[in-house]
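# Results of the structural survey
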Amino acid sequence: MKRLFLIAMLLLMVLPAAFAAGDAEGGKPLICFIMKARNSQFWEGVAQGAEAAAAELSDELDFIIDWAPTEADVDLQLNAMEDCVAQGASALAVAPTAPDQFRPFLQDYIGEGLPVLLVDTDVSDLPGKISFVGTDNVTVGRLAAEYAIANAGGNTAVFLEGMPGVTSGDDRKEGFLAGIQGSAVTVERSLTANWDRAQAVTVMENILQAVPNPDIIMAANDNMILGALEAVKNAGLDLDSVMLIGVDGNLDAVKSVCAGELDLTVAQNTGGMGALAVQEGLRAARGESVDIRIDTGAILIDASNCADYGG
Amino acid sequence: MTENIKDGMLKKRETSMRVRSPASLKKLLTLIRIGPLMILLLIIVIFALYIDLRSLSSSGRIIFLSARNISNVLTQSATVSILAVGMLLVIVTAGIDLSVGSLMAISSVVGAYWWSAVVLNPLSNWNDGLLSTLLFILIVLAVGAGFGFINGFAFVKGRMAHPFIPTLTMLFVGRGLAFLFSNEGGAYVGVPAFVGKLDDWAILVVALLVIAVHFFLKQVTWGRWIYAVGGNPDSARRVGIKVDGVLISVYVFSGLCAALAALVGVLGRTHSGFPNAGLNFELRAIAAVIIGGASFFGGRGNVINALIGALIIAIIQNGLNLLNVQSHWELVVTGLIIMVAVELDVVRNVIEKRLQALQAPSDETGFEA
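Anyway, here's the lowdown on the structure attached to this text. Since we're looking at a predicted model, the values are computed, not measured.

Conventions we followed
Each chain has its residues counted from 1, following the order in which its sequence is written. Each chain gets a letter, beginning with A, and each ligand a number, beginning with 1, in the order they are written. It should be noted that, the model being predicted, local features are given only for residues of pLDDT at least 70 and side-chain atom pairs only at 80 or more, the latter also being counted only at that level, while totals for whole chains, interfaces and linings use all residues. Only hydrogens and water are set aside; all other atoms, that is, all heavy atoms of the structure, feed into the side-chain values. Secondary structure follows DSSP: runs of H or I at least 4 residues long count as helices, runs of E at least 2 residues long count as strands, and numbering of each begins at the N terminus. Note on method: radius of gyration uses C-alpha positions; expected globular size equals 2.2 Å times residues raised to 0.38. Three exposure classes are used, based on accessible area relative to the maximum for each residue type with a 1.4 Å probe and protein chains only: buried under 20%, partly exposed in between, and exposed over 50%. The contact criterion used throughout is that any non-hydrogen atoms of two residues lie within 4.5 Å. Only the protein chains shown count as covering a residue, and every accessible area follows the Shrake-Rupley method with a 1.4 Å probe. Salt bridge, as applied in this entry: a Lys or Arg side-chain nitrogen positioned within 4 Å of an Asp or Glu carboxyl oxygen. Using a 1 Å grid laid over the protein atoms alone, points where a 1.4 Å probe fits but cannot get out form a cavity; open sets with protein on both sides within 12 Å along at least 5 of 7 lines form a pocket; any residue with an atom within 4 Å of a point counts as lining. Grid points are joined across faces, edges and corners, and a volume is the space filled by probe spheres set on the points. Polar here means any residue other than Ala, Val, Leu, Ile, Met, Phe, Trp, Tyr, Cys and Pro, which are nonpolar, and Asp, Glu, Lys and Arg, which are charged; Gly is therefore polar. Patches were defined on residues exceeding 30% relative accessible area and lacking a salt bridge, with like-charge contacts within 9 Å and nonpolar side-chain contacts (Val, Leu, Ile, Met, Phe, Trp, Tyr) within 5 Å. Buried area: the sum, over both parts, of the accessible surface (1.4 Å probe) that disappears when the two are put together. Here a polar contact is recorded for every N or O atom pair within 3.5 Å, except that within protein the pair must consist of a potential hydrogen donor and a potential acceptor, and residues adjacent in sequence are included only if both atoms are side-chain atoms.

## As for the overall build of chain B
- Assigned secondary structure in chain B consists of 15 helices and two strands.
- Computed over its C-alpha atoms, the radius of gyration of chain B comes to 23 Å, within 12% of the 21 Å expected for a compact globule of 369 residues.
- With the C-alpha coordinates of chain B rotated into their principal frame, the extents come out at 85 × 65 × 35 Å.
- Residues classed as buried in chain B amount to 50% of the 369 residues present.
- The long-range share in chain B, meaning contacts at least 24 apart out of those at least 6 apart in sequence, stands at 78%.
- Accessible surface, chain B: about 17,200 Å² in total, of which carbon and sulfur atoms supply 68%.

Have a look at this one:
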């Protein structure tokens, strides 16, 4: 018993020393990056982008990345953030699962002089925040419009909107409408299908009664364009004469693009988002100027590159 | 059938321990009795060595035992600690309360709704004062206690086989109502200024609650009845204890603790009420109580150890965060510690039986054991 105890104590003494020998460093700014979760393609992409950027900058920064088990675990994400900041963070990049619940914490941090960057999801009413690093959905809509103008066979367009009042969907529509301005393309119908695939089938069937031969069908997310695709197939339209565009770059949608059904899905640039969170976080930690709004851009996935994205 | 197997296992263990003398058995028993405390200290020592020796040598700072981190981890543990106190009383009566996480959600949403609809409403005469703050706290606590009463009443008066059933029902109903009651799954933002500061006083709230309940269980008749009901409900009824009342009261108290946890850990911490609050916290509270050595079969457990159980869970989470270990490992480690704690309890049972067997003949007959 005594001998066991002695051995255990010795191990406890020696192991940390071994750890310590590995990383004898100090004085580098610590960048904390707290994600919502890491249980989806989206967050895995963000994490890998951030980790790659941090590895590249490893001479200049210490980097900690953490997340909650699921996007619903608000409390655990708050804990992860507190625990990272307590290690002496020089800048915090955080993708809050629930902006309202994070605001009081972020206000405190800003009050203590810690640079705070929001990633993916913004927190409104947060004076003193350094930046919001995320996808600009107006750009997403505009890119889709430009692609449609360049590649579609005609000018009759219809649009499937997201849930009313949700900003990302509104912004995508706004961008699309801005993008087609000055071109011959006109939007004949624009209705909501509430982000929902099944609802999109019904809504699209109804639209096809009024607009039987659309040239361009754009939906604010992939679920709805996949629903619209069903309606178009059921109506017996020739898929080659209709351009179908979705947003998100979901695996379903990418596979459909590769199968020659959908024409385009606009994906968020997840890797770039993670990388920018780290790079701009470092700039903020050094006190350099950072833009208040950083658009992480979007990736167009069509038949030419769908194989690279898992299709 | 299971009883037979269990007896067989106990006998096997007893034979293997026959060589030990009563004195050494007693020593072992004391060691096991303070098992939760030993686990806590061991975890603290391990994390302190791993995290702080490393950070001392690399940057000359300590992290794990720094004032900021200690204050963080105590505050983070407050929610589970408060829930564990309520859960302990329920488990002492051989019951279970699966609804506390959902009750945190519904009480925080209702309270924050009232505050934003009535007090923050520019047309109202209310302002953030003593009366409105008291009323706010009262509403939150009343929601928790009210749903707790429904749990207890349904269990006792509905003659349900096990409290698992009404509280599992409430786990779904409470969470569903919280979503229905909030803005399409959103949050109500804004709480009284006093409640917004409760987070800073979380440690004090937990300390007062633990002391009060500890005293209540030891000194007040009703508190001792709770143990009696958990130990043997039939004999408790025979000696005139109001078993139904005791059972209902522990579920009301558990609901009250859920509301208090919502005040400190949700409304105080995030200044808002939201329907995802307290997700899976019922399981953390149960884990804390079990790690703290309470028996699932009722009649045994104490508040201090339940608090230690809650601290163990919080420190594991904190330490693994600081070591930058994937959060999924936290679940694995917590699970393993539950297993260790329950095994300690089994060993303790065996030793107690063995001691009785050793002492009984020599005490009563004078024969040498």
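That shown, we press on.
## Some points on the pattern of salt bridges
Residue and element names in this part refer to chain A.
- Applying the stated criterion to the full structure yields 22 salt bridges over all chains.
- For the salt bridge of Arg103 with Asp100, the shortest nitrogen-to-oxygen distance reads 3.3 Å. You can see Arg103 and its partner Asp100 sitting in helix H4 (residues 99-111), three residues apart, about one turn around the helix.
- Residue Asp100 is classed as partly exposed on the basis of its relative accessible area, which comes to 25%.
- A salt bridge links Glu146 to Arg142; its shortest N-O distance comes to 3.0 Å. Taken together, the residues span about one helical turn, with Glu146 and Arg142 both in helix H5 (residues 137-151) at a distance of four residues.
- Each member of the salt-bridge network shares a partner with another, and the members are Arg38, Glu44 and Glu51.

## Some remarks on the layout of surface pockets
All names here are of chain A.
- By volume, the largest pocket amounts to about 1,300 Å³.
- What lines the largest pocket is a set of 41 residues, among which Lys36, Thr97, Pro99, Thr121 and Val166 lie closest to the centre.
- Listed by contribution, the elements that provide at least two residues to the lining of the largest pocket are helix H2 (41-56), H4 and helix H6 (167-180).
- When grouped by side-chain class, the residues that make up the lining of the largest pocket number 15 nonpolar, 14 polar and 12 charged.

## A few points about a nonpolar patch on the surface
All names here are of chain B.
- On the surface, Leu53, Leu56, Ile62, Leu65, Ile70, Leu74 and Ile203 cluster together into a nonpolar patch covering about 510 Å² of accessible area.
- Going through the elements one at a time, helix H3 (35-59) and helix H4 (67-92) are the ones with two or more residues in the nonpolar patch.
- Its location among the elements puts Ile203 in helix H9 (residues 202-219).
- The exposure class assigned to Ile203 is partly exposed, which follows from its relative accessible area of 37%.

## A look at the interface of chain A and chain B
- Facing 35 residues of chain A, the contacting portion of chain B comprises 35 residues.
- Summing both partners gives a buried area of about 3,300 Å² for chain A against chain B, and 53% of it is carried by carbon and sulfur.
- At the junction of chain A and chain B, the tally comes to three salt bridges.
- A salt bridge links Arg68 of chain B to Glu112 of chain A; the shortest N-O distance between them is 3.4 Å.
- Summed over the shared surface of chain A and chain B, the number is 12 residue pairs in polar contact (both at pLDDT 80 or more).
- Of all the secondary-structure elements, those providing two or more residues to the side of chain A that touches chain B are helix H1 (2-22), strand S2 (62-67), helix H3 (74-85) and H4 of chain A.

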